[in-house]
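Now for the letters of each chain:
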Amino acid sequence: MLILILICFSNHHASAQNVLSESLDLMPWPKNVEKKNAEFIIDNSLSISISPSGQGRVHHAAVNFLRRLSGRTGAFLNEGFPVTDQQGAIQITFEKVSNLSIENDESYSLDVGNSGITITAKTDVGAIRGLETLLQLIQNDGTNYVFAGVTVNDTPRFVWRGLMIDAARHFQPVGVIKRNLDAMAALKMNVFHWHLTDDQGWRVESKVYPKLHEEASDGLYYTQEQIKDVVAYADNLGIRVIPEFDVPGHASAILTAYPELGSKDGYDYSIERFSGVFDPTLNPTIDITYEFLERLFTEMSPLFPDDYFHIGGDENEGKHWDESKAIQKFMKQHNLKTNHDLQTYFNIKLEKILNNLGKKMMGWDEIMTANMPTTTVIHSWRGQNEGFPEGNSLISAAKRGYQTVLSNGYYIDRMEPVEKHYLVDPIGDVKLTDLERSRILGGEATMWAELVTPLTIDSRIWPRTAAIAERFWSQAEVKDVDNMKKRLKQVSFNLEELGITHIKNRDVIIRNMTDNQDISALVTLSKICEPLKIYSRNKGGIEYKTYSPFTLFADACVVDAEDALPFNRAVHQFTSDRSSVNASQVLAYLNSWAGNHEAFKKLTKNPKLTPLEPLSENLSSTALLLSKALESKSLTSENLTKIKEGMLILEQPFADVEVAVLDGLNNLMAFCVSHYLVN
Ligand code: ACM
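Residues numbered from 1 in each chain as written. Predicted model: local features only at pLDDT ≥ 70, side-chain atom pairs only at ≥ 80, totals over all residues. Heavy atoms only, no water.

The chain appears in an unreviewed UniProt entry as Beta-N-acetylhexosaminidase from Gelidibacter gilvus. The annotation that UniProt attaches to the chain under Sequence similarities (unreviewed entry) is "Belongs to the glycosyl hydrolase 20 family." (UniProt positions renumbered as here; feature names shortened; annotations may be inferred.)

Take a look at the structure:
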């Protein structure tokens, strides 16, 4: 019996791998895909019909589909809108219009044959997920653009596949949000978590408490009409919007407007310009705090029709609570022994307010205390075993009866490589009952915005979030990193058609760096440099203020630098097999870097460029020496010393970036030492 199961499993696994190795660049990878010996040729006669017809989500998605398709293929379509005769080459059928919720069915079937295409789904949202898959099947066969012939039966693994955008640390205008919603929909993500207040600003118009947007936003906030517009835009894409109003900590902005709600008398509350965890905290012991929150949430909740409502609750160190005699007295009177107990007291009151408004309260995992009702939703963000003896907070929340969502492992602002996030599985090997499993709703990538502006936010979200979207949608076995990276390259490129700026803004930033001189020298450097990781840019939160420039070299550079993996791989290949082809691949990189400093030196200097000089110079000199060693198959000890000196410098951070080809350079140096060293 056991053997039989193993065989079944390995067969299943093998077939998934076979399909993965095909030429399809689908992401997220569908649950079931079979490639057919067929293709559908895209020409001007392509048309779509939808049943039932109407002006809803599928119509909207179909129109966008046709625009993206003709943009990609150059087809001058005869019919630019869905046809009403049910005779479209692409026939979409769905049963019902979804009201977005975690119960929503997003499954679909897609069949592409030589003479027609069908998409069948239970809901309209399932149908639009199918249209995104179909767009990813466009291929060029050398003569025609075609849809690759496939049969797909697809359904998501998790019901909550989110992206959080922090619009508080740096305000992100509506256009930024909308283009990212489009990109989320392209990756079948379905939750937009909107972080709307923090120490650095309150970002929503309030008619009830107007000082919030008037005095605590620097004029950078969403009007209520804009919020409604974004929520409707997301809804049309099958994306739920969860607002977050972070309380009682992260409250400097709220307290700038309404200091009487603060925990420390006489404190001069002001909008925070730095990053970090700050002391201003709502006072949970006074009635006016709850009156304020009740009226505020009563005003805010109709703007956000989703059932779930996030109250933050993170990183409250309670310093001002410790310092307040009145709060300490209140705690004694109410037998609240710790600040956690006091925060739980606050959270329980908040939950009642939200329940009365028909909302389910969600908060970061600090809210999971002994007395917190299991009707709240736990958003797991802290590391393993940090106050969670049963393992990470996600699993312990599910075991204790809470619905839960994972963000630990998906902090894209940490600037870590895509595979790091991709390989984080929300459940992993943990054994759960069906009921416990059902409480794990899914996950969210978190785009904290201390160091991002509208200019750079897309390049910090994409393309890595596409791989995270696959983790949330696809089966757990889909985890081949090389294959993911191959598909991600195509997906990343296609995101540009939605206006995502992650690729093009590199050159925009470098043009600014160089004052509109030739950008090629800096482009070369940007392809081997990555922004400093894990919050080592902006140490202590005080190197940058919210209004500091984010138009610097580090802002042009991205995680997973373009030339790093190919170079490091080329070195690996060469050191395992010294063929002339392998050597020439390595030499092509070395020689382009060796000559780069000449180009860099030609630029008229300015204060933005100066910090890059040692990087540029040492990269060139080190690459030149390694290139010479490879070409001549000889390395003198004098040159080895110079290479080592150069490497020591390249190992330092420059202008908030790190060099991403150090592994390859070091391996090459070691190879030259063992094979070419003379005297
Ligand atoms: C968080 O990162 N403070 C939720």
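Still more to cover.
Chemist: Explain the overall build of the chain to me, using residue names and the numbers behind them.
Modeler: Broken down by element type, the chain carries 26 helices and 20 strands. Relative to the compact-globule value of 26 Å for 679 residues, the chain shows a C-alpha radius of gyration of 27 Å, a close match. Counting over 679 residues, the chain shows a buried share of 56%. The long-range fraction of contacts in the chain, counting pairs at least 24 apart against all pairs at least 6 apart in sequence, stands at 77%. Surface exposure of the chain reaches about 27700 Å², of which carbon and sulfur atoms provide 52%. Seen as two clouds, the 67 positive and the 87 negative side-chain charges of the chain have centres 2 Å apart. (Helix = DSSP H or I, 4+ residues; strand = E, 2+ residues; numbered from the N terminus. Rg over C-alpha atoms; globule rule 2.2 N^0.38 Å. Buried < 20%, exposed > 50% of the residue type's maximum accessible area, 1.4 Å probe, protein only. Contact = heavy atoms within 4.5 Å. Areas by Shrake-Rupley, 256 points an atom, 1.4 Å probe, with all protein chains shown as cover. Lys, Arg positive; Asp, Glu negative; His and termini not counted. Charge placed at Lys NZ, Arg CZ, Asp CG, Glu CD.)

Chemist: Please set out the UniProt feature "domain: Beta-hexosaminidase bacterial type N-terminal" (unreviewed entry) in the chain residue by residue, giving values where relevant.
Modeler: Per the UniProt record, the feature "domain: Beta-hexosaminidase bacterial type N-terminal" (unreviewed entry) sits at residues 25-154. As annotated, residues 25-154 has a helix share of 22% and a strand share of 35%, and its two end C-alpha atoms lie 15 Å apart.

Chemist: I'd like to hear about the UniProt feature "active site" (unreviewed entry) in the chain, residue by residue, with values.
Modeler: UniProt's entry tags Glu315 with the feature "active site" (unreviewed entry), counted in the numbering of this structure. If near-sequence neighbours (up to four positions away) are discounted, glutamate 315 is found in contact with His250, Val277, Glu366 and Trp381. Among the polar contacts listed, one links the side chain of glutamate 315 to the side chain of histidine 250, at a separation of 2.8 Å. (Polar contact = N/O pair within 3.5 Å; in protein donor to acceptor, adjacent residues only side chain to side chain.)

Chemist: So what about the packing of aromatic side chains? Which residues, and what values?
Modeler: Under the criterion given, the structure shown has 28 aromatic pairs. Consider the rings of tyrosine 209 and tyrosine 258, whose centres lie 5.3 Å apart with planes at 80°: the pair is edge-to-face. Taken together, the residues span a long stretch of sequence, with tyrosine 209 in the loop between strand S10 (201-202) and helix H5 (211-215) and tyrosine 258 in the loop between helix H7 (252-257) and helix H8 (287-300) at a distance of 49 residues. Under the relative-accessibility criterion, tyrosine 209 is labelled buried at 12%. Taking the centre distance of 4.9 Å and the plane angle of 85° together, the rings of tyrosine 410 and phenylalanine 472 count as edge-to-face. On the criterion of sequence distance, the pair formed by tyrosine 410 in the loop between strand S15 (403-406) and helix H13 (418-422) and phenylalanine 472 in helix H16 (residues 464-473) is long-range, its members being 62 residues apart. Here the two residues tyrosine 410 and phenylalanine 472 agree in accessibility, since each one is buried. (Phe/Tyr/Trp six-rings, centres within 6.5 Å; stacked < 30°, edge-to-face > 60°.)

Chemist: Any chance you could break down the nonpolar core for me, citing the residues and the numbers?
Modeler: Core analysis: the biggest nonpolar cluster contains 133 residues, and Phe147 and Trp194 have the highest contact counts within it. Tallying contributions element by element places helix H4 (residues 174-186) first for this core, with eight residues. Residues contacting tryptophan 194, with those up to four places away along its chain left out, are Ile165, Ala167, Ile177, Tyr222, Ile227, Val230, Val241, Ile242, Pro243, Glu244 and Phe304. Leu650, Val657, Val661 and Tyr676 belong to the second-largest nonpolar core, a separate cluster that totals 55 residues. (Core = buried A, V, L, I, M, F, W, Y, C linked by side-chain atoms within 4.5 Å.)

Chemist: Could you give an account of the side chain of glutamate 366, naming the residues involved and the relevant values?
Modeler: Structurally, glutamate 366 is set in the loop between strand S13 (360-364) and strand S14 (377-380). Summary of buried charges: glutamate 366 has no salt-bridge partner, and the nearest side chain of opposite charge, arginine 382, is 4.3 Å away. Within the structure, glutamate 366 has its side chain in polar contact with the side chain of tryptophan 381 (distance 2.9 Å). Once residues within four sequence positions are removed from consideration, glutamate 366 is found in contact with Gly313, Asp314, Glu315, Trp381 and Arg382. (Salt bridge = Lys/Arg side-chain N within 4 Å of Asp/Glu carboxyl O.)

Chemist: So what's going on with the side chain of arginine 129? Residues and values would help.
Modeler: As for its placement among the helices and strands, arginine 129 is situated in helix H3 (residues 124-135). Since its relative accessible area comes to 1%, arginine 129 is described here as buried. Separated by 2.9 Å, the side chains of arginine 129 and glutamate 106 make a polar contact.

Chemist: Provide a residue-level description of unusual backbone geometry, including the pertinent values.
Modeler: Across the junction of serine 51 and proline 52, the peptide omega takes the value 0°, indicating a cis bond. Turning to its location among the elements, proline 52 is positioned in the loop between strand S2 (48-51) and helix H2 (57-73). The step from valine 247 to proline 248 runs through a cis peptide bond, and the omega angle for that step is 0°. If you check the backbone angles, lysine 633 has positive phi at about 55° while not being a glycine. Residue placement: lysine 633 occurs in the loop between helix H24 (613-632) and strand S18 (635-636). Using a relative accessible area of 56% as the deciding quantity, one classes lysine 633 as exposed.

Chemist: Tell me about the packing of helix H21 (residues 564-576) against helix H26 (residues 662-676), and name the residues and values.
Modeler: At their nearest, the axes of H21 and H26 sit 8 Å apart, and the two run at 20° to each other. The orientation of H21 relative to H26 falls into the category roughly parallel. Considering the relative orientation of H21 and H26, their crossing is left-handed. Residue-level inspection shows Phe567, Asn568, Val571, Phe574 and Thr575 of H21 in contact with H26, the latter providing Asp663, Gly664, Leu665, Asn667, Leu668, Phe671 and Tyr676. Split into classes, the residues belonging to the contact of H21 with H26 amount to seven nonpolar, four polar and one charged. (Axes fitted to C-alpha atoms, helices over the stretch in contact; angles between N-to-C directions. Parallel < 35°, antiparallel > 145°, perpendicular 65-115°, else oblique. Left-handed = near helix turned anticlockwise from the far one by under 90°. Nonpolar A, V, L, I, M, F, W, Y, C, P; charged D, E, K, R; others polar.)

Chemist: Explain the pattern of salt bridges to me, and be specific about the residues and the numbers.
Modeler: Where charged atoms of side chains with opposite charge meet at close range, the side chains can pair. All told, the structure shown has 37 salt bridges when counted by the stated rule. Notably, a salt bridge pairs glutamate 106 with arginine 161, separated by 2.8 Å at the nearest N-O pair. One end of the pair, glutamate 106, is in the loop between strand S3 (90-96) and strand S4 (108-112); the other, arginine 161, is in strand S8 (residues 160-166), and 55 residues separate them in sequence. For glutamate 106, a relative accessible area of 4% translates into the label buried. For arginine 161, a relative accessible area of 1% corresponds to the buried category.

Chemist: Talk me through the pairing of S13; I want residue IDs and the actual numbers.
Modeler: Counting buried residues along S13, four of its five residues qualify, which places the element largely inside the surrounding structure. Pairing analysis gives three bridges linking strand S12 (residues 308-310) to S13, with the strands arranged parallel. Along S13, the bridge assignment pairs tyrosine 308 with lysine 360. Summarising the sheet, S13 and S14 pair through three bridges and their orientation is parallel. For tryptophan 364, the partnering residue across the bridge sits in S14 and is histidine 379. (Pairing = 2+ DSSP bridges.)

Chemist: I'd like a rundown of the environment of phenylalanine 297, residues and numbers included.
Modeler: Relative to the helices and strands, phenylalanine 297 is located in helix H8. C-alpha separation for the pair phenylalanine 297 and phenylalanine 245, spaced 52 residues apart in sequence, amounts to 9.1 Å. Ignoring anything within four residues of it in the chain, the contact list for phenylalanine 297 reads Phe245, Phe309, Ile311, Leu350, Leu354 and Leu357.

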